[in-house]
Amino acid sequence: MASTELSAGLGPTITPSAGQPHAQSGAPPSRAREAATKTGQAFLRLFRTLRSNRKASAGFILLAFVCVLAAVPGLIAHDPPRAEIYGRSLGPSASHLFGTTVYGQDIFAQFIWGARETLIIAVVSGLLSTALSVVMGVAAAYLGGVWDGGLNLVTDTLLVIPSFPLLLIIAAYLPNSGVVVLIAILVITGYSYGARQLRAQALSLRGRDYLEAARVRGERSVYIIAVEIIPTMTPLIVATFLGTAVYNVLFAAGLQFIGFGNPASVSWGTMLYWAQNNEALSIGQYLWALMPGLGIAILGASFALLNYAFDEIGNPALRPVRRHRVKRPR
Amino acid sequence: MRYALRRLAFFVGTLWACVTLNFVLPRLMPGNPALALLAKFHGRIGGQALKALEIAFGVHTHESYLHQYIDYLRNTAEGNLGTSLSQLPTPVSQIISNALPWTLGLVGVTTVLAFVLGTGIGIIGAWRRGSWLDNVLPPVFVITSAIPFFWIGMLLIVAFSLHAPHLPSNGTFDSTIIPAFNWPFIVNLLQHALLPSAAILITSIGLWILTMRNNMVTVLSEDYIKMARAKGLPGRRIMFDYAARNAILPNLSGLAMSLGFVLGGSVLVEYVFNYPGLGFWLVQAVEGEDYPLMQALFLLITLAVLVAVLLADILTALLDPRTRTAR
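## Some points on the overall build of chain B
- When you go through chain B residue by residue, the secondary structure sums to 13 helices and zero strands.
- In chain B, the succession of α and β elements from N to C terminus is α-α-α-α-α-α-α-α-α-α-α-α-α.
- Partitioning the intrachain contacts of chain B with sequence separation of at least 6 by distance along the chain shows that 73% fall at a separation of at least 24.

## Quick look at the interface of chain B and chain A
- Listed per partner, the contact involves 53 residues of chain B and 46 residues of chain A.
- Ranked by the residues each element gives to the side of chain B that touches chain A, the list is headed by helix 10 (residues 235-272) of chain B, at nine residues.
- Considering only residue class, the side of chain B that touches chain A consists of 35 nonpolar, 14 polar and four charged.

## Structural notes on helix 4 (residues 65-77) of chain B
- In a regular helix each residue adds 1.5 Å, so 13 residues correspond to 18 Å; helix 4 of chain B covers 18 Å between its end C-alpha atoms and thus fits that length.
- Of the residues flanking the end of helix 4 of chain B, it is G79 of chain B, one or two places downstream, whose phi is positive at about 80°.

## Observations concerning the packing of helix 5 (residues 92-127) of chain B against helix 12 (residues 291-319) of chain B
All names here are of chain B.
- Taken N-terminus to C-terminus, the directions of helix 5 and helix 12 make an angle of 45°; their axes are 10 Å apart at the nearest point. Taken together, the axis directions place helix 5 and helix 12 in an arrangement best described as oblique. In this structure, helix 5 crosses over helix 12, and the sense of that crossing is right-handed. Residue-level contacts link V92, I95 and I96 of helix 5 to P292, L293, A296, L297 and L300 of helix 12.
- When grouped by side-chain class, the residues that make up the contact of helix 5 with helix 12 number eight nonpolar, no polar and no charged.

## A few points about the nonpolar core
- Of all hydrophobic cores here, the largest spans 181 residues; its most connected members are V249 of chain A together with M216, L282, M294 and L297 of chain B.
- The biggest single contributor to this core is helix 5 (residues 107-143) of chain A, with 19 residues.
- L297 of chain B has contacts with I96, L278, W281, L282 and A285 of chain B, leaving out every residue within four places of it along the chain.

## Regarding the packing of helix 5 of chain B against helix 6 (residues 132-144) of chain B
All names here are of chain B.
- In contact at an axis separation of 8 Å, helix 5 and helix 6 are set at 130° when each is read in the N-to-C sense. Here helix 5 is positioned oblique relative to helix 6, judged by the angle of their axes. For the pair helix 5 and helix 6, the crossing hand works out as left-handed. Contacts between helix 5 and helix 6 involve I121, I124 and G125 from the former and L133, D134 and L137 from the latter.

## With respect to the environment of N248 of chain A
Residues and elements named next belong to chain A.
- By the element assignment, N248 lies in helix 12 (residues 234-257).
- The class for N248 is buried, based on 27 C-beta atoms found within 10 Å.
- When the C-alpha positions of N248 and T189 are compared, they lie 9.9 Å apart, and in sequence the two are 59 residues distant.
- Those residues in contact with N248 that sit more than four places away from it in its chain are I121, A122, S125, G126, L186 and G190.

## What about the confidence of the model for chain A?
Residues and elements named next belong to chain A.
- A residue-level look at chain A finds 85% of positions with pLDDT of 70 or above and a mean pLDDT of 80.
- Of all the helices and strands in chain A, helix 1 (residues 2-25) carries the lowest mean pLDDT, 37, while helix 5 carries the highest, 91.
- Low pLDDT, under 50, characterises residues 1-27; the predicted model gives this stretch 45 contacts beyond four residues in sequence or across chains.

## Let's talk about unusual backbone geometry
- Phi at E279 of chain A takes a positive value of approximately 50°, unusual for a residue other than glycine.
- With respect to the helices and strands, E279 of chain A occurs in the loop between helix 13 (268-277) and helix 14 (286-314).
- For E279 of chain A, a count of 12 C-beta atoms within 10 Å translates into the label exposed.
- Positive phi, close to 50°, is recorded for N274 of chain B, a residue that is not glycine.
- You can call N274 of chain B partly exposed: it has 13 C-beta atoms within 10 Å.

## Describing helix 3 (residues 54-71) of chain A
- The end-to-end C-alpha separation of helix 3 of chain A is 25 Å, in line with the 26 Å expected for 18 residues at 1.5 Å each.
- Among all positions of helix 3 of chain A, only K55, A56, S57, G59, F60, L62, L63, V66, C67 and L69 of chain A are buried.

## Things to note about the environment of S253 of chain B
Residue and element names in this part refer to chain B.
- Topologically, S253 is positioned in helix 10.
- Classification of S253 by C-beta neighbours within 10 Å gives partly exposed; the count is 15.
- Counting along the chain gives 56 residues from S253 to V309, while the straight-line C-alpha distance between them is 7.5 Å.
- Not counting the four nearest positions on each side in its chain, S253 is found in contact with A312 and T316.

Conventions and cut-offs
- Residues numbered from 1 in each chain as written.
- Chains lettered and ligands numbered in written order.
- Predicted model: local features only at pLDDT ≥ 70, side-chain atom pairs only at ≥ 80, totals over all residues.
- Helix = DSSP H or I, 4+ residues; strand = E, 2+ residues; numbered from the N terminus.
- Contact = placed C-beta atoms within 7 Å.
- Nonpolar A, V, L, I, M, F, W, Y, C, P; charged D, E, K, R; others polar.
- Expected span 1.5 Å × (residues − 1).
- Axes fitted to C-alpha atoms, helices over the stretch in contact; angles between N-to-C directions.
- Parallel < 35°, antiparallel > 145°, perpendicular 65-115°, else oblique.
- Left-handed = near helix turned anticlockwise from the far one by under 90°.
- Core = buried A, V, L, I, M, F, W, Y, C linked by C-beta atoms within 7 Å.
- Buried ≥ 20, exposed ≤ 12 C-beta atoms within 10 Å, placed from the backbone.
- pLDDT = per-residue confidence, 0-100.

Here's what the structure looks like:
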């Protein structure tokens, strides 16, 4: 029951990733609508299946929790998150649920307000890098030949180079930059895995009859890719988004933890940075360091659970077995 | 043979791409950040070291990019990695050779342990479909794999290091103990490695369990497994020799991507535990704007992943005849 509302709430968040390429393709409006309808139907089917999956429901609930924090932090936490106006390093109490920082800020308020930037970074970088994966993967598979070879080489190379160290050195050359740069480098380093998987699926679609039929009808490649290929790949595209989002939550937290981005902003990663810099653990302000990490874990886990549920739906063999099997010989 | 050559070409190509990234990145950035840095160090470092730095970052030279690039490639190939700017006048190569054993010991051993344990648990979990092991483990490890490595490290510090019983959470061994190949030193060393190692193990093992379990489940529905059962082969034999042997192949090739991820995660674990390995120094270098050290560490970490990928490729080729004849 709860998951119905949640899935409805999540729909518009994800749809643009699949919808975007159509808008850019410049196809006539009717065709764009056709693509949108196909994609929409694919989503509906998906969510109907997801509702019956326990891991998916758990993932939705966790994600909804973070979304609520991000949407209306002011209703939940009444203290300003940045103001240094309270007693310093206070323990947890009724007026300061998680205590205060060494600067006299309310940790509970920081935790609630921190959800917003963390969620935005994860979703925006996830969407953009999924879009890049789709473009690179599908283009490589569809164009073939030299294009395939070239795009593939770039993707494979990026796939092997460890992302986090690469993120670190790019970040080092761009000190004092904000969220936009953070998202940009997450997108560049994070698209490769998805691109590879999408390419593989697009390759398997290439020889299908209905694509051949579209070509015979004289449709342009842009139309075929946007209206015929991409809607078919919707489940994998959503899975790519979820997988990338997990990694981006972790990578962004790691980067902010060592002080990249704007340390003055309120997010879970920067909370961890200030907690670590002031040795929150040694001075006994455990919640200062533990709560933002818990938030990151909840957000990461919500994407990961949804992703795993997708795997189960795509591959029925993986679904949990409830009944006991016939006893097999030892 | 063709397969081996192709993999080798990929190895060399990726390594070249990394060196090139090191060369291109500082030149791409707005207002070459190294320029300001070098101005700061002018007069404090000797002629030859300065020259090497200038070649590395393309400062004060009027040579073409191509010329700079060739000089840079030659310097790197000769192992001339420059001088660390934050640890003047220590050469980068010295810092790296001091740090490498710690990372190999901590991250290397832990990764092998996680792979073996995780794959084992995955095999047994899939074999006993529907048992508590199979129902409880997947969701648990889906969640642990989405938690930042360094945060688990912080949790472990709170749980085991701040109160009795006290486990060390800082450095590699006590400064009061003299390094020697004897019992007290080894125990001390292992004590210090225990928490960071546990942090890496907890967050990375889920990856192996889940992929292995899923591969196993897919393989177990194959006809030849049914055939083996019909023949009345012992269960253990079917599990290991028939199912696991095939299911482990994608896991081996998955090692490539996962290893880079684990190495990336362990960077911050080393930082949280002040464990002076490659990752710890990488964070130091980034924070101290020590570009030569940073570039060298990036190159080395990539090299480590590439070597592991190459080993996994060779192993896959040995275990799976299909790859040898593929294309």
